[in-house]
Amino acid sequence: MTGPAPSTGGQTPGGLAALREELCELHSRLVSSGLVAWTSGNVSARVPGTELMLIKPSGVEYQDLTPESMVLCDLDGRPAAAGDGSSNGLSPSSDTAAHAYVYRHMPEVGGVVHTHSAYATAWAARGEPVPCVLTAIADEFGGEIPIGPFARIGDEEIGRGIVETLAGHRSPAVLMRSHGVFTIGAGARDAIKAAVMCEDAARTVHLARELGDPIPLTREDINALHDRYQRAYGQR
Ligand SMILES: [Zn+2]
């Protein structure tokens, strides 16, 4: 899908700089929300109007991330030069192929987040979806938070598992079996929100199950809740 000579297309250098700033700030949200340990986890953003994405550099600790350290890649996951020919020379996250696969196959997606957040990943370790037993889960995920297949890290297998699983769900989050959480959104901030809400749901349903059997919501109630939340919630 991508051409041999990536360019920033309609994206102004100022727009790319602003996206770098936002992506750096959003990585700090993963830390402040308690979703990541050491260098695990990453956020990427599609560069609007281009065949490019920005993603966290590989193996750099969160406190050392800067806007300039975010790595520009094409949608095959290869580092790319910016419109002015510049490149920071850093290697992109080891999950870049998965993010790139999602952008290639889901044109509506503008941001992708990956974490090993504890409670959600505990569900992934059991290969068990988080059931839709709370209004907040119906609002945000429109049903259970699904389980994706086991896939080895490094190539497109993870990306394929994410896309194939989410294609059959309204959920913006998937628990990749024996691995962790991937979330999508119209932008990177939306994908961060889904990652935070996914961990919150996984934790609360875990606590509920410690004490008994959570009560499932009906399909009718889930649909009504999801529809109201997606259309009418918040400031318009
Ligand atoms: Zn991972």
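Residues numbered from 1 in each chain as written. Predicted model: local features only at pLDDT ≥ 70, side-chain atom pairs only at ≥ 80, totals over all residues. Heavy atoms only, no water.

1. With respect to helix α3 (residues 118-126)
In an α-helix, one full turn covers 3.6 residues, which means residues spaced three or four apart are oriented alike. Among the residues making up α3, those that are buried are A120, T121, W123 and A124. Taken around the axis of α3, the buried residues stretch over an arc of 150°, which confines them to a single face. Opposite the packed face of α3, turned more than 90 degrees from it, sit the exposed residues A118 and A125. Against β4 (111-115), β5 (147-148), β6 (173-176), β7 (180-185) and α6 (188-211) lie the buried residues of α3. Looking at the residues trailing α3, positive phi occurs at G127, about 65°. (Buried < 20%, exposed > 50% of the residue type's maximum accessible area, 1.4 Å probe, protein only. Helix = DSSP H or I, 4+ residues; strand = E, 2+ residues; numbered from the N terminus. Arc of directions from axis to C-beta. Contact = heavy atoms within 4.5 Å.)

2. Some details on the nonpolar core
One broad trend across soluble globular proteins is that nonpolar side chains are buried collectively. If you look at the biggest cluster of nonpolar residues, it comprises 24 residues, and the most contacted ones within it are L23, L30, V43, V47, L54, L72 and V113. At the level of secondary structure, the elements contributing two or more residues to this core comprise α1 (13-32), β1 (42-47), β2 (52-55) and α6. Ranked by the residues each element gives to this core, the list is headed by α1, at 6 residues. Ranked by size, the runner-up nonpolar core spans 22 residues in total, among them M53, Y103, L166 and F182. (Core = buried A, V, L, I, M, F, W, Y, C linked by side-chain atoms within 4.5 Å.)

3. As for the side chain of H27
Within the element layout of this structure, H27 appears in helix α1. Reaching out from H27, the side chain makes a polar contact with the backbone nitrogen of V43 at a distance of 3.0 Å. Contact partners of H27, with chain neighbours within four places excluded, come to N42, V43, K56, Y62, L65 and M70. (Polar contact = N/O pair within 3.5 Å; in protein donor to acceptor, adjacent residues only side chain to side chain.)

4. A look at the packing of α3 against α6
Closest axis-to-axis distance for the α3/α6 pair is 7 Å, and the angle between their directions is 70°. By the criterion of interaxial angle, the relationship of α3 to α6 is roughly perpendicular. Crossing handedness for the pair α3 and α6: left-handed. Listed contacts from α6 to A118, Y119, A120, W123 and R126 of α3 are C198, E199, A202, R203, V205, H206 and R209. Split into classes, the residues belonging to the contact of α3 with α6 amount to 7 nonpolar, 1 polar and 4 charged. (Axes fitted to C-alpha atoms, helices over the stretch in contact; angles between N-to-C directions. Parallel < 35°, antiparallel > 145°, perpendicular 65-115°, else oblique. Left-handed = near helix turned anticlockwise from the far one by under 90°. Nonpolar A, V, L, I, M, F, W, Y, C, P; charged D, E, K, R; others polar.)

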